[in-house]
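Below are the chains, spelled out letter by letter.
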Number of protein chains: 2
Amino acid sequence: MTRRTIFFVSDQTGVTAETLGHSLLTQFEGHEFDLVTLPFLDTLDKVDDALRLIADRAAEQSVRPIIFSTLVQDHLRERFQPDKGMLIDFFATFLPSLEVQLHSKSTHKAGRAHGLVDSGRYDQRMDATNFALNNDDGARIKDYDRADIILVGVSRSGKTPTCLYLGLTYGVYAANYPLSEDELESGKLPVALQNNLDKLYGLTIESDRLQQIRKERRSTGKYSTVQQVSFEIRAAEAMFAKWKIPFIDTTKSSIEELASTILANTGVERRIRP
Amino acid sequence: MTRRTIFFVSDQTGVTAETLGHSLLTQFEGHEFDLVTLPFLDTLDKVDDALRLIADRAAEQSVRPIIFSTLVQDHLRERFQPDKGMLIDFFATFLPSLEVQLHSKSTHKAGRAHGLVDSGRYDQRMDATNFALNNDDGARIKDYDRADIILVGVSRSGKTPTCLYLGLTYGVYAANYPLSEDELESGKLPVALQNNLDKLYGLTIESDRLQQIRKERRSTGKYSTVQQVSFEIRAAEAMFAKWKIPFIDTTKSSIEELASTILANTGVERRIRP
């Protein structure tokens, strides 16, 4: 199958163009795409360079490239007219009808979506990210009063990245606590967790996948044996049941999906918005 | 000014609807919006609940809500017809022309954009995130050979969140090293950094902003005085010049923008795609 080139073109970071293009393209199966991001096209010269690059690629391939653009400044958008290729212009598509609805003209200024600086929002992200770092892996259980949520689970079930993502993306204070072998055997929860039962959310994972992850980390010893991994997962799920802790299986979910699901299921409010 | 309610509606996480809607709305100034995300509308009952909620809100307010939808499953999309409000349906807008271009039908299956699980991609994100955690704040300079990039700067200039973002989002191995008072005074770089000069990227920040950030962390002592903050920033920028380290000012940039700019300027390739 011929690989088709997909361009993401932006006068800013390109994050929005990539998000849009990616969600649309994942709706098509059996295609192979080469993805090229051309960010920060904020002068006519850079736009011209991008047009040449796209034309060269189009000339080399038998299939037309698809170009997702979030160029917003008018003079750049007007210049950006690829000869070959399908152009999907995000702002041109939606801004006119939004202008009618909002009874106002859009600014057509670049750098507003992801470059917008709001120091309160930045501080919130930083504070929540630092909270996740300081409260990783059961490091500081005395801070649990400040936590919005405390993820519990066995080692390598996905707690740390989910907490970091919750902090960086949503400004939510997320701690995590790894269930120890003693706790898994006795079914007891430490007092600091018992005092915050309503903040607990469990992560579980399929044993094959956990074994694979653990083997990459430490290939020998009990840590990554089938027996140990299966025991820990069974015991953790028994604890979730005993203590009525809601939980989610991380095996088939991305970090984005885990974070959104946990917020939706717990009702924990995001402290910042995208 | 009347606040207008904006709904982000999705049969998945809602992350795409939020990103796209946010990019469009930031093009309009002087409006106040109440943002409501309705994720995981994956059954007809949940869609009906959402329709009721939107109708109730519309009845309460004098301005029509705007609804950004990334519902992708046909039966849900067909049911989701709000009586009042402006509906922007991302998939309905773009999929038909993409189907023509790609000579194939889209799958209309949910859960592909953010729920798509690719264990190689997950492992890469995890490995890069762990690398950022282990190499935070100059913790483990012996790993610098494995780094794609090493951020240097004074304390609280934004190194840690940028490294974590680079790992979580792009799978890039990013370490960071805080310049010490000794180094700032002498202008010397530790050998581990001198051996990796081509991987260094500097972060700087305006002194007012740095002082503000540091005061929130530690309100007394030399750490957050005007004199200390100004000295450190001047000395760091002098080091960037002396060692020919490219650098970026973090004061007016979001983490997303910093990460994209650093990748674009260094040519470091993302190891994973959104």
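Each residue is numbered by its place in its chain's sequence as written, counting from 1. Just so you know, chain letters begin at A and ligand numbers begin at 1, following the order they were written in. For this predicted model, a pLDDT threshold of at least 70 governs which residues receive local features, and a threshold of 80 or more governs which side-chain atom pairs are given and counted, while totals over whole chains, interfaces and linings are taken from all residues.

### What to know about the overall build of chain A
Move 1: Only DSSP runs of H or I covering at least 4 residues are called helices, and only runs of E covering at least 2 are called strands; the numbering of each starts at the N terminus. A tally of helices and strands in chain A yields eleven helices and eight strands.
Move 2: For the radius of gyration, the atom set is restricted to C-alpha positions; the globular benchmark scales as 2.2 Å times the number of residues to the power 0.38. At 24 Å, chain A has a C-alpha radius of gyration far larger than the 19 Å of a compact globule built from 274 residues.
Move 3: Exposure in this text rests on C-beta crowding, where 20 or more other C-beta atoms within 10 Å of a residue's own make it buried, 12 or fewer make it exposed, and counts in between make it partly exposed. The C-beta atoms are placed from the backbone. When the 274 residues of chain A are sorted by exposure, 46% land in the buried category.
Move 4: The contact rule is simple: place each C-beta atom from the backbone, and if two of them lie within 7 Å, those residues are in contact. Residue pairs at least 24 apart in sequence account for 72% of intrachain contacts in chain A once pairs closer than 6 positions are excluded.

### Topic: the nonpolar core
Move 1: If you look at the biggest cluster of nonpolar residues, it comprises 84 residues, and the most contacted ones within it are A:Ile150, A:Ala174, B:Ile150 and B:Ala174.
Move 2: Those residues in contact with B:Ala174 that sit more than four places away from it in its chain are B:Ala132, B:Ala147, B:Asp148, B:Ile149, B:Leu151, B:Cys163, B:Leu166 and B:Gly167.
Move 3: Grouped together as the second largest cluster of nonpolar side chains are 50 residues, A:Phe8, A:Ile67, B:Ile88 and B:Phe91 included. Nonpolar core, as used here: buried Ala, Val, Leu, Ile, Met, Phe, Trp, Tyr and Cys residues forming one set through C-beta atoms within 7 Å.

### A few points about the interface of chain A and chain B
Move 1: Counting from both sides, the interface comprises 57 residues of chain A and, opposite them, 57 residues of chain B.
Move 2: Only α1 (15-25), β4 (86-89), α4 (90-102), α5 (119-134), α6 (159-170) and α11 (255-266) of chain A provide two or more residues apiece to the side of chain A that touches chain B.
Move 3: In terms of residue count, α1(A) provides more of the side of chain A that touches chain B than any other element does, eight residues in total.
Move 4: Three classes are used, and their members are as follows: Ala, Val, Leu, Ile, Met, Phe, Trp, Tyr, Cys and Pro are nonpolar, Asp, Glu, Lys and Arg are charged, and the others, Gly among them, are polar. When the residues that make up the side of chain A that touches chain B are grouped by side-chain class, the tally is 25 nonpolar, 22 polar and ten charged.

### Things to note about the sheet that holds strand β5 (residues 149-153) of chain A
Residues and elements named next belong to chain A.
Move 1: When DSSP finds two or more bridges between a pair of strands, those strands are recorded as paired. One open sheet holds the four strands; their spatial order is β6-β5-β7-β8, and the pairing between them is parallel. Looking at which strands have only one partner, the edges of the open sheet turn out to be β6 (174-178) and β8 (247-249). Going across the sheet, the axis of each strand differs from the next one's by a mean of 25°, ignoring polarity.
Move 2: Strands in contact with helix α10 (residues 226-242) are β5, β7 (200-204) and β8; relative to β7, the strand with the most contacts, it is inclined by about 155°. Orientation is described by lines fitted to C-alpha atoms, with helices fitted over the stretch in contact, and by angles between N-to-C directions that extend from 0 to 180 degrees.

### Examining the packing of α6(A) against α11(A)
Residues and elements named next belong to chain A.
Move 1: In contact at an axis separation of 9 Å, α6 and α11 are set at 75° when each is read in the N-to-C sense. Between α6 and α11, the crossing angle belongs to the class labelled roughly perpendicular. Here Pro-161, Thr-162, Tyr-165, Leu-166, Thr-169 and Tyr-170 of α6 come into contact with α11, specifically with Ile-255, Leu-258, Ala-259 and Leu-263.
Move 2: When its residues are assigned to classes, the contact of α6 with α11 shows eight nonpolar, two polar and no charged. What sets the label is the angle itself: under 35 degrees gives roughly parallel, over 145 gives roughly antiparallel, 65 to 115 gives roughly perpendicular, and the rest give oblique.

### Description of the sheet that holds strand β3 (residues 66-69) of chain A
All names here are of chain A.
Move 1: Read from one edge to the other, the open sheet built from four strands follows the order β2-β1-β3-β4, with strand pairing classed as parallel. Each of the sheet's edge strands pairs with one partner strand only, and the pair in question is β2 (33-38) and β4. The mean angle between the axes of side-by-side strands here comes to 15°, regardless of whether they run parallel or antiparallel.
Move 2: Two strands pair when backbone bridges link them, and β3 and β4 are joined in this way by four bridges, in the parallel orientation. Bridge pairing in β4 links Ile-66 to Met-86.
Move 3: Where α1 meets the sheet, its contacts fall on β1 (4-9), β2 and β3, and the angle it forms with β1 comes to roughly 145°.
Move 4: Taken strand by strand, α4 contacts β3 and β4, and its axis lies near 40° from that of β4.

### Quick word on the environment of A:His108
Move 1: For A:His108, the location among the structural elements is in the loop between α4 and α5.
Move 2: Discounting residues that sit within four places of it in the chain, A:His108 has contacts with A:Val72, A:Gln73, A:Asp74 and B:Gln27.

### Things to note about helix α2 (residues 44-60) of chain B
All names here are of chain B.
Move 1: Between its first and last C-alpha atoms α2 spans 25 Å; for 17 residues at 1.5 Å apiece the expected length is 24 Å, and the two agree.
Move 2: Residues Val-47, Ala-50 and Ile-54 constitute the buried set of α2. The buried residues of α2 occupy one face: seen down the axis, they fall within an arc of 60°. Exposed residues pointing more than 90 degrees away from the buried face of α2 are listed as Asp-45, Arg-52, Asp-56, Ala-59 and Glu-60. Any helix carries an expected span of 1.5 Å times its number of residues minus one. Each direction from the helix axis to a C-beta atom contributes to the arc, which is the arc of those directions.

### Examining the relation of the copies chain A and chain B
Related by rotation about an axis and a shift along that axis, the two copies of the chain form a pair.
Move 1: When the copies are overlaid, the least-squares fit takes in C-alpha atoms only where the residue has pLDDT of at least 70 in both copies. Mapping chain A onto chain B calls for a screw motion: a turn of 180° about the axis and a shift of 0.0 Å along it, with 0.1 Å RMSD after fitting. Taken together, the rotation and translation relating the two chain copies correspond to the operation of a two-fold axis.
Move 2: Here 100% of the contact residues of chain A are again contact residues in chain B; the copies associate through an equivalent surface.

### Digging into the domain arrangement of chain A
Move 1: How far each domain reaches was decided by an automatic or database domain assignment. The domains assigned to chain A are domain 1 (4-102) and domain 2 (119-266).
Move 2: Between the C-alpha centres of domain 1 of chain A and domain 2 of chain A there is a distance of 39 Å.

### Describing helix α4 (residues 90-102) of chain B
Move 1: Compared with the 18 Å implied by 1.5 Å per residue over 13 residues, the 18 Å span of α4(B) between its first and last C-alpha is a close match.
Move 2: The largest bend along α4(B) reaches roughly 25° and is located at B:Pro96.
Move 3: Burial in α4(B) covers these residues: B:Phe90, B:Phe91, B:Phe94, B:Leu95 and B:Leu102.
Move 4: Packed against the buried residues of α4(B) are α1 and β4 of chain A together with α1 (15-25), β3 (66-69) and β4 (86-89) of chain B.
Move 5: Two residues or fewer past α4(B), B:His103 is found with a positive phi of approximately 50°. Across the chain, bend at a residue is computed as the angle between axes fitted to the seven residues ending at that point and the seven starting from it.

### A word on the pairing of strand β5 (residues 149-153) of chain B
Residue and element names in this part refer to chain B.
Move 1: Burial analysis of β5 places five of its five residues in the buried class, which makes it a mostly covered element.
Move 2: Burial of the side chains of β5 extends over both faces: Ile-149, Leu-151 and Gly-153 are buried on one face and Ile-150 and Val-152 on the other.
Move 3: As paired elements, β5 and strand β6 (residues 174-178) share five bridges and run parallel to each other. Bridge pairing links Leu-151 to Asn-176 in β6.
Move 4: Whether a crossover is right-handed depends on one test, that the path from the first strand over the helix to the second runs clockwise when the strands point away from the viewer. Note that the unit made of β5, helix α6 (residues 159-170) and β6 has a crossover that is right-handed.
Move 5: Summarising the sheet, β5 and strand β7 (residues 200-204) pair through three bridges and their orientation is parallel.

### As for the packing of α6(A) against α6(B)
Move 1: For the pair α6(A) and α6(B), the least separation of the axes is 11 Å and the interaxial angle reads 120°. With respect to each other, α6(A) and α6(B) are oriented oblique. With respect to the hand of their crossing, α6(A) and α6(B) are arranged in left-handed fashion. Together, A:Pro161, A:Leu164, A:Tyr165 and A:Leu168 of α6(A) and B:Pro161, B:Leu164, B:Tyr165 and B:Leu168 of α6(B) make up the contact between the two elements.
Move 2: Here the residues of the contact of α6(A) with α6(B) are counted per class, giving eight nonpolar, no polar and no charged. Handedness of a crossing is defined here by the sense of rotation of the near helix relative to the far one, left-handed for an anticlockwise turn of less than a right angle and right-handed for a clockwise turn.

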